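Chain and residue survey
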Amino acid sequence: MDILAEVLDRVRLGGTLLFHFELGHPWSVALPERPYALFHYLGRGSATLALEQGRELPMTEGDFVVITRGEPHLIYTDRRTKPLPILDLDRSRPQLGIVRHGGGQPLSTMICGNFTISGPSRGSVMELLPPVLLLKPTADGDWLEAILQRLVSESALARPGQRVALSRLTEVLFVEVLRSWIKSLGPGEGGWIGAMADPHIGRALQLIHERPDRPWTLRDLGNQVGLGRSAFAARFTKLVGQPMQRYLIARRMADAAFLLESSDEGIARIAIRVGYETAAAFSKLFHRHYGLSPGRFRAARRPDAGRRQSDVLETEAAD
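Overview of the structure. (Residues numbered from 1 in each chain as written. Predicted model: local features only at pLDDT ≥ 70, side-chain atom pairs only at ≥ 80, totals over all residues. Heavy atoms only, no water.)

Moving on, we get to the overall build of the protein. Each helix and strand counted, the protein has 13 helices and eleven strands in total. Classification of the 319 residues of the protein by burial places 47% in the buried group. The contacts of the protein with a sequence gap of at least 6 include a subset with a gap of at least 24, amounting to 73%. A total accessible area of about 15,900 Å² is found for the protein, and carbon and sulfur atoms account for 52% of it. (Helix = DSSP H or I, 4+ residues; strand = E, 2+ residues; numbered from the N terminus. Buried < 20%, exposed > 50% of the residue type's maximum accessible area, 1.4 Å probe, protein only. Contact = heavy atoms within 4.5 Å. Areas by Shrake-Rupley, 256 points an atom, 1.4 Å probe, with all protein chains shown as cover.)

Structure (structure tokens):
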């Protein structure tokens, strides 16, 4: 099983190109807080990215940075320069045309866009990423330039299906960025994503994802991957960042949320599929995890879908 592919299949990835800048030194651009991840690619020049609380990150040519939580930030070549507020840009201009700003020479170029991720499994990926993810140029990094240039060319002309094409291209971009970040991780970094590379814990994660309904114990999984109970427990917690049983419950709850949102299966059946003998036991854990009973969760995520009678009864019982 490709665990990463499974998780990404359960979220809705998208995004678009927001701005293509040509910037003459000195320049400064201010980006407000947004409810999605923002990315910036510095194709030419150098600059400083400044976040709240005085955090600064130098950027050089070819750097690609993702502000994964969408926090406000500045990018500048001279901190004394008055920032150009993005929200003050003339929105009557062609939305995705080149924006020219700043002084004279040297000239910098920067491509900015966003990644959007939604769905019950969103936290399985985004919560593991650092607040600022920086990718430096690599020998095999031609893919990045190729995708970004395709984004720029696609946005240059209004054509049928442009919005969908831009969304699909940024989806591919996100997956490639995620792959590159995973490749750069050291031992013990990146939570379960980084732990997939470990021969013991990676296999244990596969078993959990393949059969979350099994009553896994530390001893069972340890035997499956060739480690004793204590050694397995310590290694799992160190590499994944949480004990095995907590990860197993989170995995079951994510599977259940996906089934509630994407299928018409009854709650009792979903409870069995994710490893619980009774709907009551499952509902109690689900409510603790998501703050809603399974029935109310399904109703909130699928307001236009007909509610099953079993869902109604379960919701009334939970209340």
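Once that is clear, we can look at the sheet that holds strand β7 (residues 73-76). Reading across the sheet, the five strands line up as β5-β4-β7-β2-β8 and stay open at both edges, with mixed pairing between neighbours. Among the strands making up the open sheet, the edge pair consists of β5 (56-59) and β8 (84-85). Relative to β7, strand β4 (residues 47-51) runs antiparallel, the two sharing four bridges. Paired with T48 across the strands is Y76, a residue of β7. (Pairing = 2+ DSSP bridges.)

With the rule as written, the count across this model stands at 15 salt bridges. The salt bridge partner of D63 is K136, with a shortest N-O separation of 2.9 Å. Of this pair, D63 sits in the loop between β5 and β6 (64-67) while K136 sits in the loop between β11 (132-135) and α3 (142-156); the two residues are 73 residues apart in sequence, bridging distant segments of the chain. Looking at D63, the relative accessible area reads 0%, which means it is buried. Residue classification places K136 among the partly exposed positions, given a relative accessible area of 44%. (Salt bridge = Lys/Arg side-chain N within 4 Å of Asp/Glu carboxyl O.)

Gaps left between atoms are located by rolling a probe of water-molecule size over the structure's atoms. On inspection of all chains with the given rule, the structure shows one cavity of 30 Å³ or more. Of the pockets and cavities examined, the largest cavity occupies roughly 30 Å³. Lining of the largest cavity is provided by V66, L129, L133, F174, V177 and L178. Partitioning the lining of the largest cavity into residue classes produces six nonpolar, no polar and no charged. (1 Å grid on protein atoms, 1.4 Å probe; cavity = no way out; pocket = protein on both sides within 12 Å on 5 of 7 lines; lining within 4 Å. Points joined across faces, edges and corners; volume = space filled by probe spheres on them. Nonpolar A, V, L, I, M, F, W, Y, C, P; charged D, E, K, R; others polar.)

A cis geometry characterises the amide bond from H25 onward to P26, with omega recorded as -5°. With respect to the helices and strands, P26 occurs in the loop between β1 (12-24) and β2 (28-31).

Both faces of the sheet carry side chains from a regular strand, because those side chains alternate between them. Pairing analysis gives four bridges linking β2 to β7, with the strands arranged antiparallel. The partner of L31 across the bridge, within β7, is H73.

Glancing now at helix α7 (residues 218-225). Those residues of α7 not exposed but buried are L218, L221, G222 and V225. Along the axis of α7, the buried residues cluster in a sector spanning 100°; they form a single face. Of the surrounding elements, those touching the buried residues of α7 are α6 (201-210), α8 (229-240) and α9 (244-262). Backbone geometry just after α7 places G226 at a positive phi near 85°. (Arc of directions from axis to C-beta.)

Now for the packing of aromatic side chains. Throughout the structure, instances matching the rule amount to eleven aromatic pairs. Between F39 and F115, the ring centres sit 4.8 Å apart and the planes meet at 35°, which makes this aromatic pair tilted. Placement of the pair is F39 in strand β3 (residues 37-44) and F115 in strand β10 (residues 107-118), with a sequence separation of 76 residues. For the pair formed by F39 and F115, the shared burial category is buried. Seen from their ring centres, F282 and F286 are 5.7 Å apart, and the 55° between their planes marks the pair as tilted. With F282 and F286 both in helix α11 (residues 279-290), this residue pair falls four residues apart, about one helical turn. One exposure class covers both F282 and F286, and it is buried. The side chain of R214 reaches across the aromatic face of W216, ending 4.2 Å from its centre. Between R252 and the ring centre of Y276, over which it is positioned, the NZ or CZ distance is 5.1 Å. (Phe/Tyr/Trp six-rings, centres within 6.5 Å; stacked < 30°, edge-to-face > 60°. Lys NZ or Arg CZ within 6 Å of the ring centre and 35° of its normal.)

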